[in-house]
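Single-letter residue listing:
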Amino acid sequence: MIAKNYSTQTFEKKYTYTGSDLGAVWTKEYTTFRVWAPTAVSVKLRLYESGTHGTQDLLEQLDMTPDIKGTWILRKPGDLNGVYYTFLVERDGITKEACDPYARTTGVNGRRAMVIDLESTNPAGWDLDRNPHQNRGIVDAVVYELHIRDLSADPDSGIRNRGKFLGLTETGTKNPYGQATGLDYIRDLGVTHVQLLPVYDYGSVDETLPEGTQYNWGYDPVNYNVPEGSYSTDPFNGAVRVRELKQTVKTLHDNGLAVVMDVVYNHVYDAGRFCFNRIVPGYFSRVDRYGRYSNGSGCGNDTASERSMVRKYIVDSLCYWAQEYHMDGFRFDLVGLLDVQTIREAMDAVRKVRPGVIFYGEGWTLQTELTKPNVDLMVQANSALVPGFGFFNDSARDTLKGTVFDDEAPGYVSGALDQEPWVRECVMGLNSWCKDPTQSVNYVSCHDNMTLYDRLLLSAPYADDQELIHMNCLAAAIYMLSQGMPLFQAGEELLRSKPLPDGGYDENSYRSPDSVNSIKWGTLRKKEYRRVRDFYRGLIAFRKAHPVLRLTDAKQILESLTPVEGLKPNVTAFRLRGQDEDLFMIFNPNREETLVALPQGDWNVCVRETTAGTEPLATVRGRAEVPAISAMVLERKAEK
Ligand code: CA
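Here the structure is a predicted model, which means the values were calculated and not measured.

Reading the values: rules and limits
Residues numbered from 1 in each chain as written. Predicted model: local features only at pLDDT ≥ 70, side-chain atom pairs only at ≥ 80, totals over all residues. Heavy atoms only, no water. Helix = DSSP H or I, 4+ residues; strand = E, 2+ residues; numbered from the N terminus. Rg over C-alpha atoms; globule rule 2.2 N^0.38 Å. Buried < 20%, exposed > 50% of the residue type's maximum accessible area, 1.4 Å probe, protein only. Contact = heavy atoms within 4.5 Å. Areas by Shrake-Rupley, 256 points an atom, 1.4 Å probe, with all protein chains shown as cover. Lys, Arg positive; Asp, Glu negative; His and termini not counted. Charge placed at Lys NZ, Arg CZ, Asp CG, Glu CD. Pairing = 2+ DSSP bridges. Domains from an automatic or database assignment. Salt bridge = Lys/Arg side-chain N within 4 Å of Asp/Glu carboxyl O. Axes fitted to C-alpha atoms, helices over the stretch in contact; angles between N-to-C directions. Parallel < 35°, antiparallel > 145°, perpendicular 65-115°, else oblique. Nonpolar A, V, L, I, M, F, W, Y, C, P; charged D, E, K, R; others polar. Phe/Tyr/Trp six-rings, centres within 6.5 Å; stacked < 30°, edge-to-face > 60°. Lys NZ or Arg CZ within 6 Å of the ring centre and 35° of its normal. Donors = N, O, S within 2.8 Å, 3.2 Å for Na, K, Ca; no water. Core = buried A, V, L, I, M, F, W, Y, C linked by side-chain atoms within 4.5 Å. Polar contact = N/O pair within 3.5 Å; in protein donor to acceptor, adjacent residues only side chain to side chain.

**Considerations on the overall build of the chain**
Now for step 1: Looking only at helices and strands, the chain features 14 helices and 28 strands.
Now for step 2: Computed over the C-alpha atoms, the radius of gyration of the chain is 26 Å, within 12% of the 26 Å expected from 2.2 N^0.38 for a compact globule of 640 residues.
Now for step 3: Overall size of the chain, expressed as C-alpha extent along the three principal axes, is 85 × 55 × 50 Å.
Now for step 4: Scored against the burial criterion, the 640 residues of the chain give a buried share of 63%.
Now for step 5: Taking as baseline every contact in the chain between residues at least 6 positions apart, the subset at least 24 positions apart corresponds to 71%.
Now for step 6: When the accessible area of the chain is evaluated, it comes to approximately 24,100 Å², of which 48% is carbon and sulfur surface.
Now for step 7: Both charge centroids of the chain, one from 71 positive and one from 85 negative side chains, sit 3 Å from each other.

**What to know about the pairing of strand β24 (residues 603-608)**
Now for step 1: In this sheet, strand β26 (residues 618-620) lies alongside β24 in antiparallel orientation, the contact comprising three bridges. Its bridge partner being in β26, tryptophan 603 is matched across the sheet by valine 620.
Now for step 2: Note that β24 and strand β28 (residues 630-637) share four bridges and pair antiparallel. Paired with valine 607 across the bridge in β28 is valine 633.
Now for step 3: Taken together, the two bridges between β24 and strand β25 (residues 611-612) define a ladder with antiparallel strand orientation.

**Considering the side chain of threonine 71**
Now for step 1: Within the secondary structure, threonine 71 sits in strand β6 (residues 71-77).
Now for step 2: With residues up to four places along the chain from it excluded, the contact list for threonine 71 reads Tyr17, Leu22, Arg34, Val35, Trp36, Ala37, Thr65 and Pro66.

**Points about the domain arrangement of the chain**
Now for step 1: Examined at the domain level, the chain breaks down into domain 1 (3-121) and domain 2 (562-637).
Now for step 2: Of note, the centres of domain 1 and domain 2, computed from C-alpha atoms alone, are 62 Å apart.

**Observations concerning the pattern of salt bridges**
Now for step 1: If you walk through the whole model with that rule in mind, you get 38 salt bridges.
Now for step 2: Ionic pairing is found between aspartate 582 and arginine 575, a salt bridge with its closest N-O pair at 2.7 Å.
Now for step 3: Judged by relative accessible area, which is 2%, aspartate 582 ranks as buried.
Now for step 4: Look at arginine 575 and you get buried, because its relative accessible area is 14%.
Now for step 5: Shared partners join several salt bridges into a network, and the residues in it are Arg149, Lys164, Glu211 and Asp514.

**Side note on the sheet that holds strand β19 (residues 485-489)**
Now for step 1: A barrel is described by the order of its strands in space; here eight strands give the closed sequence β10-β11-β14-β15-β16-β17-β18-β19, paired in parallel fashion. Neighbour to neighbour, the strand axes of the sheet diverge by 30° on average, direction disregarded.
Now for step 2: The pairing of strand β14 (residues 258-263) with strand β15 (residues 329-332) spans four bridges and is parallel. When the sheet's bridge partners are listed, valine 263 is paired in β15 with phenylalanine 332.

**Brief notes about the packing of helix α3 (residues 182-189) against helix α13 (residues 527-545)**
To characterise two packed helices, one gives the angle between the axes of the helices and the distance between these axes.
Now for step 1: Contact pair α3 / α13: the axes reach a minimum separation of 9 Å and the direction vectors enclose 50°. The orientation of α3 relative to α13 falls into the category oblique. Note on element contacts: α13 touches α3 through Arg533, Arg537 and Ile540, opposite Tyr185, Asp188 and Leu189.
Now for step 2: Broken down by class, the residue content of the contact of α3 with α13 amounts to three nonpolar, no polar and three charged.

**Quick word on the pairing of strand β11 (residues 193-196)**
Now for step 1: Here β11 shows a buried face lined by His193 and Gln195 and a second buried face lined by Val194 and Leu196.
Now for step 2: Bridge analysis of strand β10 (residues 143-146) against β11 gives four bridges, and the strand direction is parallel. Of the residues in β11, the one forming a bridge with tyrosine 144 is valine 194.

**Focus on the packing of aromatic side chains**
Now for step 1: Counted under the stated rule, the structure contains 40 aromatic pairs.
Now for step 2: Ring centres of phenylalanine 284 and tyrosine 313 lie 5.8 Å apart, and the angle between their planes is 90°; this geometry places the pair in the edge-to-face category. Of this pair, phenylalanine 284 sits in the loop between α5 (275-279) and α6 (308-325) while tyrosine 313 sits in helix α6, and the two are 29 residues apart along the sequence.
Now for step 3: For tyrosine 313, a relative accessible area of 1% puts it in the buried group.
Now for step 4: For the pair phenylalanine 488 and tyrosine 536, a centre-to-centre distance of 5.4 Å together with 45° between the ring planes defines the contact as tilted. One end of the pair, phenylalanine 488, is in strand β19; the other, tyrosine 536, is in helix α13, and 48 residues separate them in sequence.
Now for step 5: Classification of phenylalanine 488 as buried rests on a relative accessible area of 0%.
Now for step 6: Across the ring face of tyrosine 30, the terminal group of arginine 75 is positioned such that the distance to the ring centre comes to 3.8 Å.

**Here we look at the sheet that holds strand β1 (residues 23-26)**
Now for step 1: Spatially, β1-β2-β6-β5 is the arrangement adopted by the four strands of the open sheet, whose pairing is antiparallel. Of all the strands in the sheet, just β1 and β5 (65-66) have a single pairing partner and so form its edges.
Now for step 2: Two strands pair when backbone bridges link them, and β1 and strand β2 (residues 30-36) are joined in this way by four bridges, in the antiparallel orientation. Its bridge partner being in β2, alanine 24 is matched across the sheet by phenylalanine 33.

**Some thoughts on the coordination of the calcium ion**
Now for step 1: All of the protein donors around the calcium ion are Asp201 (OD), Tyr202 (O), Glu207 (OE) and Glu228 (OE); their distances to the metal are 2.2 to 2.3 Å.
Now for step 2: In the primary sequence, the donor residues of the calcium ion line up as D-Y-x4-E-x20-E. In this structure, aspartate 201 and tyrosine 202 share a single accessibility class: buried.

**Here's the deal with the nonpolar core**
Now for step 1: Grouped together as the largest cluster of nonpolar side chains are 168 residues, with contacts concentrated most on Trp36, Phe330, Phe332, Phe389, Phe488 and Phe587.
Now for step 2: Both domain 1 (3-121) and domain 2 (562-637) contribute no fewer than three residues apiece to this core.

**What to know about the side chain of glutamate 492**
Now for step 1: On the secondary structure map, glutamate 492 appears in the loop between β19 and α12 (514-517).
Now for step 2: Buried within the structure, glutamate 492 lacks any salt-bridge partner; lysine 401 is the closest side chain of opposite charge, at an N-O distance of 7.5 Å.
Now for step 3: Engagement of the side chain of glutamate 492 in a polar contact is seen with the side chain of tyrosine 536, the distance being 2.5 Å.
Now for step 4: Contact partners of glutamate 492, with chain neighbours within four places excluded, come to Val444, Ser445, Leu452, Asn472, Tyr479 and Tyr536.

**Quick word on helix α8 (residues 394-401)**
Now for step 1: Burial within α8 is extensive, with six of its eight residues counted as buried.
Now for step 2: Along α8, the residues classified as buried are Ala396, Arg397, Asp398, Thr399, Leu400 and Lys401.
Now for step 3: Close packing links the buried residues of α8 with α9 (420-428), β18 (440-442), α10 (452-459) and α11 (465-480).
Now for step 4: After α8 finishes, the residue glycine 402 shows a positive phi value of roughly 100°.

**A short note on the environment of glycine 137**
Now for step 1: Here glycine 137 shows up in the loop between β9 (113-114) and β10.
Now for step 2: The class of glycine 137 is partly exposed, set by a relative accessible area of 34%.

And the structure:
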């Protein structure tokens, strides 16, 4: 069933369509449909009254006409806004019905596409809506990784639209103890970007079930250009999800927050049922020499991004989200499975339609069956081929908290010895795989694996609560003040934990219930939790106040940043001299205080133990006394 010639030059020359009108293009007078189906012998358009698969409400079935480069077209007179449709594709005596890969929206569960007047879904003021950080670089970003449901699912959130896009638009929400939650809380933290776990239409949650019945992270794409229905207040009406996601982006922008979208082009939910593969069998996915789907993703299939019409599809999709939804960044899941050329073309194309968009992803090396020779993959080691694209820095992550492959292994902050060289690499943003700080995404926790707090609990079983909080704060201080772009999982700053009902902690909560995944807003009533939150807020403010923490090339770093020699084992320290600033940072993971000699002059202490900010806490000279398991950061005006 898999044609072997898709990746040949002959096929690509004959069938690469470059127009921008794939899908249904609506106008008040008519709608034009165009679909790429080069191997089909006939294509029909089916128009339906509703978007619900299986409903017997076919309005019309129309023959489409073969056109250039393997596309089929039809222009249908009349105002079709709100009409649902599918394609009926015949090939080798088999006829399959498929949703439109270029669908702008769909009915429930993404089975039928819907024609839509996109302008009618724009919130008020959309024309003037801007990325609040469009003039800043990637190292100026501080990213907060958030799942739509996790923000509002907890009853203590005080948010009305629980589990919905609109939950992110509510201001003035409070927990039962009167503390701010939701959007107000995030804004107050000082992060610049909110990275949303998948918000495109995914397959693992049945949208017809009552709200909150199922939970999933959503790494199982069904319709790439359609918002997920379960996050909308009406998944049956295709216009509602579009309107509500745009409203969410607009509200975040109005609150000074840019929006990063988590995109998962590397695999689909079900390769056999994916609409693109139903229309052009096996075209979207890589297969091995036995005809089996390549499975480097571990999710059953890998996307053949090296094929011309898959590449175009990915580029078009990213441009669409940037242009139509005003997305300010893209986080690529398992980008190591995609090819370099696709990402370079996408970055160029997106930046033409929207300034200030940031790009980063997981550049892990995975085994995949490429369908063409000489293809470079988006792995860390190829970072120099994609300037400006950030990669998750697993070396920094594993150095600070211990390898993710052993939950009980300690890291630098939790007792591992001989980590100094790795900590230096992390702080200086100069890794073995990348010498450019704009390409390093520094983090210690995200949705995958244990939360930081659970990880510390498991790897330092001897430690009491206070020590665990100290370890957490030390880890945060290091990655937040390192060269590169910091990113953290929502709730890391609230000692987020994912305990399982039967004991232990959930290291892969992708389909665990809200009770495991949600941010527990009630914890804010406790002083320790607020203290950790305030520490993160202070670190973010400090980072923003000091350009020398946000350098953009290796040369600047080597000129400005000097590791301090002659310290006690495990202790690391750095001096950073910028234009008008002079910083001294000390990291002490030991369970005892350490003394560090300071360069001449009066130094203001801005970070100490679990307190951080831009206001001096004390002034010292001569030497710094750094308490056990903590960071100390000092500053003074630079001498001219
Ligand atoms: Ca869905």
